[in-house]
Amino acid sequence: MNLIESSILLFWAVSVCVPPLIKLLSHFNSGKFDCLLTWGKTLKSQEPSLLLVPHRFFTHFYVTGFLFNSLCLMDLFVHFNIISSAITYVEIILETVLNSIGIKTEETFHFSSSQSWLPSMLLQLQLTRRLLESLLIVRHDKSKMHISHLLFALCYYPVVSLSINISTVQVSTPVSILSVLLFVWASLHQYRCHVILAELRAEDPNVYGIPYGDWFEFVSSPHYLAEILIYISIFISSGGGYLLGANCVYQIVNFSLICTPPTHYWYLKKFDNYPSHRKILIPFIY
C-alpha cells in the first residue's frame, strides 16, 4: 500500500469515526457541538459567525468534484491509450501537493484497471446532474452551515475519484449491467425528490412545507437513501474496491446516524400533521 492509498484509507477512517464521536461529545455538552453535524434548516444557531457560511456554497462542492473527476477520466483514457496526450493532470496535481509538504516520490498515483472507466463515468454523471440541480432546480434559502462542512466537501469528491481509480478491479458484464441499472433507478428517484423539495419553496425559498410524493411517502430523507444506493452501485461497478467500500461505510454511517435523524425530528416538531408512518431513512424499518 503506497502513500496515496494509505492517505485515502485514513481519510475514510476519520470520516467514519469522527462524526459519531462529535455527536456523543455534543450529547454530554448540551448540544454545544451540534453545529459541526447539522446545517440548513436543522442548524440550531443561525447567529452571525465567521465560521458559518451560506448553505448554497455546497455548489462549490459539485464544481470541484466535476472538475477533478473530469481530469481523472482524461488521465484514465491517456493511461490506457484511449486518447493521446503528453500530460497526466492528476499525477501533476498530486506530485505538486506532496512536494509542497516536503514529500519526494517518483510514483504518486496509478490506475488499478481499465475497468475504472465505468465507475468513473457513473460518478461523472452523478456530479453533472447534482451540479445542474444545484444551479437550476434547488431553491437556496438564507440558511447557513459550519465552514468545516465546506472544507470537508471540497476534499470529498476528489478522494472518491482517487478511490475509484486506485482500487477498481475487473467485473463481469452482468455485474456491470446490474450496477448501471441500480444507478439509473436511484438517480431518477433522487432527482424526483429534489424537484419535490424545490416545488415546495417555489414562491419563497425560506418557507418549508411537508413534502409528498415518490419516496417521501415512506421516509423523511429519500434523497439521502437514493444517495446511498447510488454509491453502492458505483461500488458494485468497481468490483468491490476496498476504498470505495470504505466510502459506502461512510455514507451509511453519516446518513443514518448524523444527517437524517435531525431532519426527521425537525419535521415532527414543526408540523403537527406530519405523517406518522414515515421512517427516517429506510422504509418500514428505520
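About the criteria used
Residues numbered from 1 in each chain as written. Predicted model: local features only at pLDDT ≥ 70, side-chain atom pairs only at ≥ 80, totals over all residues. Heavy atoms only, no water. Axes fitted to C-alpha atoms, helices over the stretch in contact; angles between N-to-C directions. Helix = DSSP H or I, 4+ residues; strand = E, 2+ residues; numbered from the N terminus. Parallel < 35°, antiparallel > 145°, perpendicular 65-115°, else oblique. Left-handed = near helix turned anticlockwise from the far one by under 90°. Contact = heavy atoms within 4.5 Å. Nonpolar A, V, L, I, M, F, W, Y, C, P; charged D, E, K, R; others polar. Core = buried A, V, L, I, M, F, W, Y, C linked by side-chain atoms within 4.5 Å. Buried < 20%, exposed > 50% of the residue type's maximum accessible area, 1.4 Å probe, protein only. Patch = residues over 30% accessible without salt bridge, like charges linked within 9 Å, V, L, I, M, F, W, Y side chains within 5 Å. Areas by Shrake-Rupley, 256 points an atom, 1.4 Å probe, with all protein chains shown as cover. Salt bridge = Lys/Arg side-chain N within 4 Å of Asp/Glu carboxyl O. Phe/Tyr/Trp six-rings, centres within 6.5 Å; stacked < 30°, edge-to-face > 60°. Lys NZ or Arg CZ within 6 Å of the ring centre and 35° of its normal.

(A) View of the packing of helix α4 (residues 117-136) against helix α5 (residues 147-167). Where α4 contacts α5, the axes come no closer than 9 Å and their chain directions differ by 160°. In terms of their interaxial angle, α4 and α5 are classed as roughly antiparallel. For α4 against α5, the interelement crossing comes out right-handed. Residue-level contacts link Pro119, Ser120, Leu123, Gln126 and Leu127 of α4 to Tyr157, Val160, Ser161, Ile164 and Asn165 of α5. In terms of residue class, the contact of α4 with α5 is built from six nonpolar, four polar and no charged.

(B) Spatial organisation of the packing of helix α2 (residues 58-79) against α4. Interaxial distance between α2 and α4 falls to 9 Å at its minimum, and their mutual angle equals 155°. Looking at the two axes, α2 sits roughly antiparallel to α4. Crossing of α2 over α4 shows left-handed handedness. Where α2 approaches α4, its residues Thr59, Tyr62, Val63, Gly65, Phe66, Asn69, Ser70, Leu73, Leu76 and Phe77 are matched on the opposing element by Trp117, Ser120, Met121, Leu123, Gln124, Leu127, Thr128, Arg130, Leu131, Ser134 and Leu135. The residue inventory of the contact of α2 with α4, partitioned by class, reads 12 nonpolar, eight polar and one charged.

(C) Expanded view of the nonpolar core. Counting residues in each nonpolar core, the largest one holds 56 residues, and the members touching the most others are Trp12 and Ile234. Taken together, the elements giving at least two residues each to this core come down to α1 (3-27), α2, α4, α5, α6 (173-200), α7 (222-237) and α8 (242-270). Among the elements that line this core, the one with the most residues is α5, at nine residues. Leave out the neighbours within four places in its chain, and Ile234 touches Pro119, Leu122, Leu123, Ile164, Phe183 and Leu244.

(D) Main features of the side chain of Arg201. Looking at the secondary structure, you find Arg201 in the loop between α6 and α7. Overall, Arg201 belongs to the buried group, its relative accessible area being 13%. The residues touching Arg201, leaving out its near neighbours within four places in the chain, are Arg139, Asp141, Val207 and Tyr208.

(E) Summary view of a nonpolar patch on the surface. There is a patch of nonpolar side chains on the surface, built from Phe218, Leu257, Ile282, Phe284, Ile285 and Tyr286 and spanning about 620 Å² of accessible area. Considering the arrangement of structural elements, one finds Leu257 in helix α8. Overall, Leu257 belongs to the partly exposed group, its relative accessible area being 43%.

(F) The packing of aromatic side chains, seen in detail. For the coordinates displayed, the defined rule picks out 22 aromatic pairs. Plain terms: the ring middles of Trp266 and Tyr267 are 5.4 Å apart, the flat faces sit at 70° to each other, and that makes the pair edge-to-face. Given the relative accessible area of 19%, Trp266 is considered buried. Clustering of aromatic rings is evident, with ring pairs tying together Phe11, Trp12, Phe58, Phe61, Tyr62, Phe152, Tyr156, Tyr157, Tyr231 and Tyr250. Over the face of the ring belonging to Tyr212 we find Arg278, whose NZ or CZ atom lies 5.0 Å from the ring centre.

(G) Quick peek at unusual backbone geometry. Even without being glycine, Asp214 reaches a positive phi, approximately 50°. Assignment of secondary structure puts Asp214 in the loop between α6 and α7. At Phe284, a residue that is not glycine, the phi angle is positive and equals roughly 70°. When you line up the elements, Phe284 lands in the segment after α8.

(H) Geometry of the environment of Ile228. Tracing the sequence through the fold places Ile228 in helix α7. Distance from Ile228 to Gln251, taken between C-alpha atoms, is 6.1 Å for residues 23 residues apart in sequence. Once residues lying within four places of it in the same chain are set aside, the contact partners of Ile228 are Gln251, Ile252, Phe255 and Leu281.

(I) Highlighting the pattern of salt bridges. The final tally for this structure, using the stated rule, is three salt bridges. Residues Arg130 and Glu133 are paired through a salt bridge, measuring 2.6 Å at the closest nitrogen-oxygen approach. Of this pair, Arg130 and Glu133 are both found in helix α4, three residues apart, which corresponds to roughly one turn of the helix. Judged by relative accessible area, Arg130 falls into the buried class, the value being 10%. The exposure class of Glu133 is buried, given its relative accessible area of 2%. Residues Arg192 and Asp214 are paired through a salt bridge, measuring 3.6 Å at the closest nitrogen-oxygen approach. Placement of Arg192 in helix α6 and of Asp214 in the loop between α6 and α7 is noted, with a sequence separation of 22 residues between them. Take Arg192: its relative accessible area is 38%, and that puts it in the partly exposed class. Connected via shared salt-bridge partners are Arg129, Arg130 and Glu133.

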